[in-house]
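Coordinates in review
Each chain, written out:
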Amino acid sequence: MGFALGYAPLGAFLAGAIAAGALMAVFLANAGGAWDNAKKVVEDGRLGGKGSEAHAATVIGDTVGDPFKDTAGPAINPLIKVMNLVSLLIAPAVVATAGNAFLRAGAALVVVAVLAMVITVSHHRGAGERVPVARTLR
């Protein structure tokens, strides 16, 4: 982002990532807690209790809610920190190349090529390890 568009858009990107990430983390934590609490309410005897259709639905909701509450929400914080750290580390290079459009475009193309290569390699490495969904449900 910094090499392709400059340091001002890089700062705007980071500000947007922080704002959206913080809101997403709060949303995931609250949604996961709500789904978890819904199961507890039904298990306490309201809306049919254990064994009811409502309980089956809340168990499914709890299956989604636990990862939201315990992993997805808290995992956004390190993601934001890594983005900011990498941006701070490359900031001097972005500012130094601000006047040279060809060098900035070349650096951006190199970064995009490296990302494409990493994605391609990781896709091919993981292709043989995938388990079909139908097998996991049995």
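This is a predicted model, so every value here is computed, not measured. (Residues numbered from 1 in each chain as written. Predicted model: local features only at pLDDT ≥ 70, side-chain atom pairs only at ≥ 80, totals over all residues. Heavy atoms only, no water.)

**A closer look at the packing of helix α2 (residues 7-43) against helix α3 (residues 53-96)**
Threshold: Note on method: axes are straight lines fitted to C-alpha atoms, helices fitted across the in-contact stretch only, with angles between N-to-C directions ranging 0 to 180 degrees. In this description a helix means any DSSP run of H or I spanning at least four residues, a strand means any run of E spanning at least two, and both kinds are numbered starting from the N terminus. Roughly parallel refers to an angle under 35 degrees, roughly antiparallel to one over 145, roughly perpendicular to one between 65 and 115, and oblique to any angle outside these ranges. Helix crossings fall into two classes, left-handed where the near helix is turned counterclockwise from the far one by less than a right angle and right-handed where it is turned clockwise. Gly counts as polar in this scheme, as do all residues outside two lists: the nonpolar Ala, Val, Leu, Ile, Met, Phe, Trp, Tyr, Cys and Pro, and the charged Asp, Glu, Lys and Arg.
Remark: α2 packs on α3, axes separated minimally by 7 Å, with the N-to-C direction vectors making an angle of 165 degrees. On the basis of their axis angle, the class for α2 and α3 is roughly antiparallel. Crossing geometry of α2 relative to α3 is assigned as left-handed. For the contact of α2 with α3, the per-class residue count stands at 25 nonpolar, 10 polar and six charged.

**Things to note about the UniProt feature "transmembrane region" (unreviewed entry) in the protein chain**
As a reminder, the rule being used: UniProt positions are given in the numbering used here, feature names are shortened, and annotations may be inferred rather than shown by experiment.
UniProt marks residues 6-29, 78-95 and 101-121 with the feature "transmembrane region" (unreviewed entry), using the numbering shown here. End C-alpha to end C-alpha, residues 78-95 measures 25 Å, and it is 100% helix and 0% strand. Between the C-alpha atoms that bound residues 101-121 there is a distance of 30 Å. The span itself is 100% helix and 0% strand.

**Quick word on a nonpolar patch on the surface**
Rules: What goes into a patch is any residue over 30% in relative accessible area without a salt bridge, connected to like charges within 9 Å or, for nonpolar side chains (Val, Leu, Ile, Met, Phe, Trp, Tyr), within 5 Å. Only the protein chains shown count as cover for residues, and all accessible areas are computed by the Shrake-Rupley method using a 1.4 Å probe. Salt bridges are defined as contacts in which a side-chain nitrogen from Lys or Arg sits within 4 Å of a carboxyl oxygen from Asp or Glu.
The grouping of Val110, Val114, Met117, Val118 and Val121 at the surface amounts to a nonpolar patch, some 420 Å² of accessible area in total. As for its position among the elements, Val118 is in helix α4 (residues 101-126).

**Re α3**
Applicable threshold: Expected span of a helix: the number of residues minus one, times 1.5 Å. The quantity called bend is, for any residue, the angle between two axes fitted respectively to the seven residues ending at it and the seven beginning at it. Under the scheme applied here, a residue whose accessible area is under 20% of the maximum for its type counts as buried, over 50% as exposed, and between as partly exposed, the area being computed with a 1.4 Å probe on protein chains only. It only takes one pair of heavy atoms within 4.5 Å for two residues to be counted as in contact.
Helix length check: α3 (44 residues) gives 63 Å between terminal C-alpha atoms against 64 Å at 1.5 Å per residue, within 8%. At Ile90, α3 is bent by approximately 45 degrees, the largest bend along its length, and proline Pro92 sits one to four residues beyond. Residues His55, Thr58, Gly61, Asp62, Gly65, Gly73, Ile76, Ile80, Asn84, Ser87 and Val94 constitute the buried set of α3. The secondary structure elements touched by the buried residues of α3 are α1 (2-5) and α2.

**Structural notes on the pattern of salt bridges**
Under the definition given, this model contains three salt bridges. One salt bridge connects Lys69 with Asp36, and the closest N-O pair in it is separated by 2.9 Å. Taken together, the residues span a long stretch of sequence, with Lys69 in helix α3 and Asp36 in helix α2 at a distance of 33 residues. When its relative accessible area of 27% is taken as the criterion, Lys69 is described as partly exposed.

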